[in-house]
Amino acid sequence: MEHWRTPYLGLREVPHGLDDFELTTFFSYSASELGCIGARRQPLHRLAVALHIGFIRMAGCTMDSFERIPKRLLSHIGGQVGVPAPEIATLRSLYSDRPRTLADHQQLAYQELGFQQMTEHQRRYVVRWLRETLAGRGGVNGLLPELKRWFYEHQILLIADRELKRFIAEAVRDREAQLLQASMKAYGPERLTEWADAITGERDDGTPHQTWLWAPPRKQSTVQMSHFFEKLEFLRGLGVHEGWPDAVNDAAVRHFGRRCATRAPTVSKRITSDRRALEVACFMRYALCSASDQLLLMLRRWIRTMASRASTETAPKVADAQAKLRQFATAVRKLAGDDKLTRQVLREKLRAMADATLAQAKISRAALARAWLVERPQQARTVLAKLIELPLASDGDHPVTAALEMLRGVYAGRGRELPPAAHIDLGRRWREAIGAEDRAKALSAFEWATLFKLRVALRNGSVHLAHSFAFRGHAVLLIPKDVWLAQRNHHYGHLKLTQDPKEYIARVKEQLQERLKQFADVVVAGELRVDEEGIHLERKPAGPEDLRVSELRRALYAGRSLGQIAEMILQIDSKLRFSWLLLGREPYNRSELLLVYAAVLNLGTAMSAADVARMVPGVSADALRQMTKRVCDDRKLREAADAVFQYVQRYDITRHWGHSDMASSDMMSLETPRAIWQARADPRRHTASIGIYTHVHDRWGFFYDQPIVLNRRQAGAAIEGMVRQEAVDDIGQLAVDTHGFTYFAMMQAKLLGFDLCPHLADLKHRRLHLPVGFEVPDVLKAIINCDLDEAAMEKNYDEHVRIASSIRVGRCSAVQALDRYGSDARGQAAYDAGVQLGKMLTSLYLMDYFLNPEFRAEVRHALNRGEAMHTLQRAIHDGQIPNDLAKRDDSLLGVSSALSLLSNIVVAWNTEGMQAALDGIRAAGAEPPSQDLRRVAPTNLEGINLRGTLDFPVEKYAERILPSTVAGAGRPAGARSGVGG
């Protein structure tokens, strides 16, 4: 069910001001429905039944109030069923003394639509579904609209909101009781009480423990690392790391932990309910896992920073080279000026001097950097002395865990030398330094080698930490082996994959053989040139834009009124009620509605809460911060952005923009304060930044977004957006740039049901990879390597499908999976075989790319759309992310989705104006070519004011956005509202 339909569910009367789209969507009838309506003998009854059918289709429940039925709606229905539109009083009088007639019409309407009233069996199923849903999400935010959608999708008539809330409350109580029981069984009431007392205590500087534990790193530094080692020591001292119950999953930990963290410590002291014990336990677990993640992420970056510093410090300097040259020249000059030397002796001395110089061993820059590190062991030793206290583990024997165990013994004995019996292989580059006669330096080399090996092991998952979210082992990250063996048929069926690896690879080989023949024919015909340098594709220069397109663009934007962001938000909200999605209900009044809009602006622009409060009259900064925390939760902003995106797709003009089967994804950076610990230097802007990775539809608009760390591969984020998005169903191809591509990701995307379409850098020199022994035409041998091992691909095929299924069901994210199976996983059988299968699929894609000019143009066009949308985003968010929003992952998610929501609102507002202009052009007898309409983007910012005092004319749209408030203002005191439960 599309997100924009959610606010209509559960309405008890017809909303005011239905537009043409709503009338057409809900109150247009099929032949079967018209037959049912026509079976009524009296005209008024036919119109009444039609009204009931349309209302149930819209709201999912029967209509109870006939006080306010728009005249336009009655005229629209009357025109379809051939009945003159009656007066509202006439329709009201039909049911005033005939309750049986009303019940008969309602029953006839919902039965015609396939709806039914809830049975006892369905009631039990609803309760079970709620329990399962709560187990996966932790909290109830947004659950009421989701429950309404469930009723509608299962064609069960909606009951009153108060009954739905009672179902939710019962499920929540049962869920919390189970979680509390599991926590009590694992730790006992005494320990939970001890934890509650601990977090309400204070540190020596007066900071409450709760505040201290919840605080994110201030910046990337060894001082901050020491603070987080201290946090872990505090939590482990309380026993938080021991025996966490599996029944309390990560979703529950995050939900109850955040609820405890956002409450002031002084308030927490006054709470005595059983729920308090559960919140404290989850908070302690959340603090432990998040602190572990943050510490290990800072550790990995610190190791990389030390390597860069060592490389910089030991880089050859021009002055050193000149000094050596002068020294050599001085020695030669001295010999030449010695008159006592004979010619033969001079020659021998010069030859000896030259031989000594040439005999000096060439030392690589990496070796110099390692030597520099070995001379500075103190920092590594300080970090490792604390690191060995963490329970880092591996699934089998691993050199890192063995090295850490040896260092525990050395440090326990206060040793300063490496024992002679240390025979742990930490890499050939460190072997000589570790085996040196100077055992003190050998220990320093051993310590640095352990840290560098640990950095790689944490990345590929071969070393893991149990009390962590991001650094858990493969056994936790993927579907367990025993579960996989029992359910693999189910997972293969969902992915629509054959279970026979030979059959899967044979299909790919068959396609490769066909493409190779076509490719060879094109090369022979001279349309493509292939030689030892690579594949040469003729580059066509970009021509000037056609005058016809420029005139069409001016015509489509000519009638658009000047826009102010505040009224644009209100206008789109009046069509979709996305504010209802953000709150989970209708806003109580104008003030709450303004707070919702202000929170979106606080998150989606560079303005702080104080800045927005100054620009929106009637909004206080404190109330705005509370509302911002509320709408950040549970991806409500993502649903609102999806609703606006789906609204754009309603318009006829969007059919000319794309085929609706392709999307693109790319990253843009948003500047942050320099001290933010996850910030990285933007290579283009040279500022501290966080990445926002977005997915753009080929008919414009964002349908997924996520924050990411800069300067890392983006293939995981690209796949994650395609798997998790809920806005569209029919995308089969995703265009990405080189950063969004790896061979392993190419393979995983294919198994998950879509194609990655990378626009690769240095495309000319890309080679095609085929299985060993594959028959290759002579004209293509210069660009093809037959180096792929079919046997390895077949052997690991089931493991690859297991990884894809783990991503699909949410056991792990695609970002986590692609991080684990990145270049640091070289040597692991699943990774190496996955890269080979990915190379084969990439070769198939590249041949399509070179052979099909239309496909090539589509990929480039999709990526250009993404760049245009990023330009729009930068116009909206033109500064730094506020400091309080840049520190935590949950607030960055809110920033990302709020920016997508505002961008989609601008696209929707432009699309409305363009469609109206296009309708006018068509009414005048002209029909612009589809290829011209395709080149006019709905991202124009001319005449749109995104700054200044934000005046929201709520009264202009109140009947659509605040119907209960408007109805209550015009109703006598004590009258019942017709909206809601």
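Just so it is clear, the structure is predicted and the values come from calculations on it, not from any experiment.

Run through the overall build of the chain, naming residues and quoting values.
Scanning the chain from terminus to terminus reveals 42 helices and 14 strands. The C-alpha atoms of the chain give 34 Å as radius of gyration, which agrees with the globular expectation for 981 residues (30 Å, within 12%). Over its C-alpha atoms, taken along the principal directions, the chain stretches across nearly 130 × 80 × 60 Å. Across the 981 residues that make up the chain, the buried fraction comes to 53%. Partitioning the contacts of the chain with sequence separation of at least 6, the portion at a separation of at least 24 is 75%.

Go over a negative patch on the surface, please, and point to the residues and values.
On the surface, Glu-2, Asp-661, Asp-729 and Asp-730 cluster together into a patch of negative charge. Looking at the secondary structure, you find Glu-2 in the segment before helix H1 (20-26). Look at Glu-2 and you get partly exposed, because its relative accessible area is 36%.

Before we move on, could you go through helix H7 (residues 120-137) and cite the residues and values that matter?
Its 18 residues place the ends of H7 26 Å apart at the C-alpha level, agreeing with the 26 Å of an ideal helix rising 1.5 Å per residue. Listed in full, the buried residues belonging to H7 are Gln-122, Val-126, Val-127, Trp-129, Leu-130, Thr-133, Leu-134 and Arg-137. For H7, the buried positions fall inside an angular range of 165° around the axis, keeping them on one side. Relative to its buried face, H7 has exposed residues pointing more than 90 degrees away, namely His-121, Glu-132 and Gly-136. Looking at the buried residues of H7, the elements they touch are helix H8 (143-153), helix H9 (161-200) and helix H12 (250-261).

Residues and numbers for the pattern of salt bridges, please.
Counted under the stated rule, the structure contains 51 salt bridges. Here Asp-848 ties to Arg-515 by a salt bridge, and the two come within 2.5 Å at their closest N and O atoms. Of the two residues, Asp-848 sits in helix H36 (residues 829-851) while Arg-515 sits in helix H24 (residues 501-524), which places them 333 residues apart along the sequence. The exposure class of Asp-848 is partly exposed, given its relative accessible area of 24%. A residue is classified by how much of its surface remains accessible, and Arg-515, at 19% relative accessible area, is buried. Residues joined in a network through salt bridges with shared partners are Glu-176, Arg-259, Arg-263, Arg-275 and Glu-279.

Outline helix H11 (residues 222-237), supporting the account with residue identities and numerical values.
Counted at 1.5 Å a residue, the expected span for H11 with its 16 residues is 22 Å, and the 22 Å between its end C-alpha atoms agrees. Within H11, burial applies to Gln-224, Met-225, Phe-228, Phe-229, Lys-231, Leu-232 and Leu-235. Buried residues of H11, viewed axially, fall in a sector of 155°; they line one side. Turned more than 90 degrees away from the buried face of H11, the exposed residues are Glu-233 and Gly-237. Buried-residue contacts for H11 involve helix H10 (209-214), helix H14 (274-313) and helix H18 (378-387). Note on H11: the residue one or two positions beyond its end, Gly-239, has a positive phi of about 80°.

How would you sum up the packing of H24 against helix H34 (residues 790-808)? Please name residues and give values.
At their nearest, the axes of H24 and H34 sit 9 Å apart, and the two run at 130° to each other. As judged from the angle between their axes, H24 and H34 are oblique. When the axes of H24 and H34 are compared, the crossing they make is right-handed. Contact residues: Pro-501, Lys-502, Tyr-504, Ile-505 and Lys-509 in H24; Glu-790, Met-793, Glu-794 and Tyr-797 in H34. Broken down by class, the residue content of the contact of H24 with H34 amounts to five nonpolar, no polar and four charged.

Can you tell me about the side chain of Gln-210, naming the residues and giving the values?
Mapping Gln-210 onto the fold places it in helix H10. By relative accessible area, which is 2% here, Gln-210 ends up buried. Here the side chain of Gln-210 touches Cys-260 through a polar contact of 3.0 Å, landing on its backbone oxygen. Every residue in contact with Gln-210, bar those within four places of it in the chain, is listed here: Ile-199, Cys-260, Ala-261, Arg-263, Ala-264, Pro-265, Ser-268 and Phe-283.

Which residues make up the packing of aromatic side chains, and what are the values?
Inspection of every chain in the model, using the stated rule, returns 31 aromatic pairs. Ring centres of Trp-4 and Tyr-8 lie 6.3 Å apart, and the angle between their planes is 90°; on these two criteria the pair is classed as edge-to-face. Overall, the relative accessible area of 0% leaves Tyr-8 in the buried class. A centroid spacing of 6.3 Å and a plane angle of 40° characterise the contact between Tyr-492 and Tyr-797, whose relative ring orientation is tilted. Within this pair, whereas Tyr-492 is found in helix H23 (residues 481-495), its partner Tyr-797 is found in helix H34, the two being separated by 305 residues in sequence.

I'd like a description of the nonpolar core, backed by residues and values.
Ranked by internal contacts, the top residues of the largest apolar core, which has 142 residues, are Phe-27, Phe-578 and Phe-952. The element contributing the most residues to this core is helix H39 (residues 889-923), with 14 residues. Sequence-distant contacts of Phe-27, that is, excluding residues within four places in its chain, are made with Leu-18, Glu-22, Leu-51, Gly-54, Phe-55, Met-58, Leu-73, His-76, Ile-77 and Gln-80. By size, the runner-up hydrophobic cluster in this structure holds 86 residues, among which are Ala-715, Ile-731, Ala-830 and Met-847.

Let's hear about the pairing of strand S9 (residues 702-708): which residues, and what values?
With six of its seven residues buried, S9 lies for the most part within the structure. Looking at chain direction, strand S8 (residues 688-697) and S9 are connected through six bridges and run antiparallel. Paired with Val-696 across the bridge in S9 is Phe-702. What sits between S8 and S9 in their antiparallel hairpin is a turn of four residues, with Trp-700 showing a positive phi close to 75°.

Criteria and thresholds
- Residues numbered from 1 in each chain as written.
- Predicted model: local features only at pLDDT ≥ 70, side-chain atom pairs only at ≥ 80, totals over all residues.
- Heavy atoms only, no water.
- Helix = DSSP H or I, 4+ residues; strand = E, 2+ residues; numbered from the N terminus.
- Rg over C-alpha atoms; globule rule 2.2 N^0.38 Å.
- Buried < 20%, exposed > 50% of the residue type's maximum accessible area, 1.4 Å probe, protein only.
- Contact = heavy atoms within 4.5 Å.
- Patch = residues over 30% accessible without salt bridge, like charges linked within 9 Å, V, L, I, M, F, W, Y side chains within 5 Å.
- Areas by Shrake-Rupley, 256 points an atom, 1.4 Å probe, with all protein chains shown as cover.
- Salt bridge = Lys/Arg side-chain N within 4 Å of Asp/Glu carboxyl O.
- Lys, Arg positive; Asp, Glu negative; His and termini not counted.
- Charge placed at Lys NZ, Arg CZ, Asp CG, Glu CD.
- Expected span 1.5 Å × (residues − 1).
- Arc of directions from axis to C-beta.
- Axes fitted to C-alpha atoms, helices over the stretch in contact; angles between N-to-C directions.
- Parallel < 35°, antiparallel > 145°, perpendicular 65-115°, else oblique.
- Left-handed = near helix turned anticlockwise from the far one by under 90°.
- Nonpolar A, V, L, I, M, F, W, Y, C, P; charged D, E, K, R; others polar.
- Polar contact = N/O pair within 3.5 Å; in protein donor to acceptor, adjacent residues only side chain to side chain.
- Phe/Tyr/Trp six-rings, centres within 6.5 Å; stacked < 30°, edge-to-face > 60°.
- Core = buried A, V, L, I, M, F, W, Y, C linked by side-chain atoms within 4.5 Å.
- Pairing = 2+ DSSP bridges.

By themselves, these figures tell us nothing about what the structure is for.
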